[in-house]
Amino acid sequence: MMERVRWDELPSDLRAAITARAGQVTSAHVVPEGLHCTAALKLRTERESLFLKGVRLTDGPGLAGLKFEQEINGILTGVCPPINFQVEAAGWYCLAFAYIDGRHADFTPGTEDLPSITLTLRRMRTLRNPRTPVESLAGKFKGFLSPAEAELLTGSCLLHMDSNPHNVLVTPRRAHFVDWARAALGPAWVDPVYMATWLMTYGCPPEDALKWLSNFTSWRQADPRAVEAFVAASCRQWTDQVGEADAKERNERFTRLLGFPHEWSLGSGSLQGVPLASHRIDRS
């Protein structure tokens, strides 16, 4: 479990710097979900509501992730809550996001959240590329891809990469994707694919998840060799992290992606329904 600090446990100088920007805090509640920040607080002040994320300056990976979120936040309008201000004080680095008064997304079969999630995923494909360097999808799978497989996963779309239900907040107007610390650049179909596997995780039949996924042009036109490379890398990486036995169920969900009849095009030519039998992943 990630350490979570309460508002009154933060250094007094840090709290003073935050209240100087936001007004006197009238209530503060710890947000338990998430893995990357030591401070995750819903704050109500005399002027506004905020979601505060913070890490100690000694937390190198956490600090890098938070600063990366800050750098790309400006291009995420309509997809992620904006950052109202940033504070560095008393050995801490914090971002204060506009608070989204919503709930975590429902991924269970028959969910009514799927249309708004679909619209936001489509909007994400229109985001302009950030000026700050962003790691490639192949870089995220470093050590689990051959050079040929890595080449297949190049792309220029900004990917969220972590669409678990705690990172998708739903309001009556739209779905918001939060926590962009793991973002990468890659093919446009990757985020919808992750969402499809999460739907399977929460009980959606694989054939229904794939039917939903077929609504995305980027997926229908994906290079099947790239999909196989992605599935292979995902399975290898997860197996390395948790062991073969514990990885089995998740890896089976990813292999359900194989065999889809992609309408793959290259230049002026196209291949309709390319069979995947000739591109089998070596799992030995």
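Quantities reported herein were computed from a predicted structural model and do not represent experimental measurements. (Residues numbered from 1 in each chain as written. Predicted model: local features only at pLDDT ≥ 70, side-chain atom pairs only at ≥ 80, totals over all residues. Heavy atoms only, no water.)

Caption draft 1: Spotlight on the layout of surface pockets. Roughly 950 Å³ of volume is contained in the largest pocket. Mapped onto the lining of the largest pocket, the elements with two or more residues apiece are α2 (60–72), α6 (190–201), α9 (224–242) and α10 (244–255). When its residues are assigned to classes, the lining of the largest pocket shows 14 nonpolar, 12 polar and 8 charged. V31, F51, H166, L169 and V178 are the residues nearest the centre of the second largest pocket, which is lined by 28 residues in total. Looking at the lining of the second largest pocket, the elements with two or more residues in it are β2 (39–45), β3 (49–56), β5 (92–98) and β6 (103–104). Taken together, the residues of the lining of the second largest pocket break down into 15 nonpolar, 6 polar and 7 charged. (1 Å grid on protein atoms, 1.4 Å probe; cavity = no way out; pocket = protein on both sides within 12 Å on 5 of 7 lines; lining within 4 Å. Points joined across faces, edges and corners; volume = space filled by probe spheres on them. Helix = DSSP H or I, 4+ residues; strand = E, 2+ residues; numbered from the N terminus. Nonpolar A, V, L, I, M, F, W, Y, C, P; charged D, E, K, R; others polar.)

Caption draft 2: Main features of the pattern of salt bridges. What the rule picks out here adds up to 10 salt bridges. When the shortest N-O distance is used, the salt bridge between R6 and E9 registers 3.3 Å. For E9, a relative accessible area of 42% corresponds to the partly exposed category. For K53, the salt bridge is made with D179, and the minimal N-O distance between the two is 3.8 Å. Pair noted here: K53 is in strand β3 and D179 is in the loop between β9 (175–177) and β10 (184–186), with a separation of 126 residues, a long-range link. As far as burial versus exposure is concerned, K53 and D179 are alike and both buried. (Salt bridge = Lys/Arg side-chain N within 4 Å of Asp/Glu carboxyl O. Buried < 20%, exposed > 50% of the residue type's maximum accessible area, 1.4 Å probe, protein only.)

Caption draft 3: Spatial organisation of the sheet that holds strand β8 (residues 168–170). The strand order β6-β8-β9 describes an open sheet built from 3 strands, whose pairing is antiparallel. Of all strands in the sheet, those bounded by a partner on one side alone are β6 and β9. With 2 bridges connecting them, β6 and β8 associate as antiparallel partners. Within β8, the residue paired with H104 across the bridge is L169. Taken strand by strand, helix α3 (residues 114–124) contacts β8 and β9, and its axis lies near 50 degrees from that of β9. (Pairing = 2+ DSSP bridges. Contact = heavy atoms within 4.5 Å. Axes fitted to C-alpha atoms, helices over the stretch in contact; angles between N-to-C directions.)

Caption draft 4: Just unusual backbone geometry, in detail. Of note in the backbone geometry, A90 takes a positive phi value of approximately 55 degrees without being a glycine. For A90, the location among the structural elements is in the loop between β4 (83–89) and β5.

Caption draft 5: The arrangement of the pairing of β3 in detail. Relative to β3, β2 runs antiparallel, the two sharing 6 bridges. From the neighbouring strand, L41 faces β3, where its bridge partner is L52. Where β2 folds back on β3, the antiparallel hairpin that results is connected by 3 residues. Alignment of β3 against β5, held across 7 bridges, turns out to be antiparallel. Bridging across to β5, F51 finds its partner in F97.

Caption draft 6: View of the pairing of β2. Within β2, 6 of the 7 residues are buried, leaving the element largely enclosed by the surrounding structure. By the bridge criterion, 5 bridges tie strand β1 (residues 25–30) to β2 in an arrangement that is antiparallel. Pairing of A28 across the sheet is with L43, part of β2.

Caption draft 7: Just the packing of aromatic side chains, in detail. In this structure the tally under the stated criterion is 11 aromatic pairs. When the centroid spacing of 5.4 Å and the interplanar angle of 75 degrees are considered together, the rings of Y194 and F230 count as edge-to-face. Pair noted here: Y194 is in helix α6 and F230 is in helix α9, with a separation of 36 residues, a long-range link. Judged on exposure class, the residue Y194 and its partner F230 are both buried. Through a chain of ring-to-ring contacts, the aromatic side chains of F141, W189, Y194, W219, F230, F254 and F260 assemble into a single cluster. In this arrangement the basic side chain of R122 is found over the ring face of F216, its NZ or CZ atom lying 5.5 Å from the centre. Taking NZ or CZ as reference, R250 lies 4.8 Å from the ring centre of W238, over its face. (Phe/Tyr/Trp six-rings, centres within 6.5 Å; stacked < 30°, edge-to-face > 60°. Lys NZ or Arg CZ within 6 Å of the ring centre and 35° of its normal.)

Caption draft 8: A look at the environment of D8. In this structure, D8 sits in the segment before α1 (12–22). Residues D8 and M161 lie 153 residues apart in sequence; the distance between their C-alpha atoms is 33 Å. Among the polar contacts made by the side chain of D8, one reaches the side chain of R6 at a distance of 3.3 Å. (Polar contact = N/O pair within 3.5 Å; in protein donor to acceptor, adjacent residues only side chain to side chain.)

Caption draft 9: Region of interest: the environment of P192. Structurally, P192 can be placed in helix α6. Dropping the residues within four chain positions of it, P192 is found in contact with L121, W212, L213 and F216.

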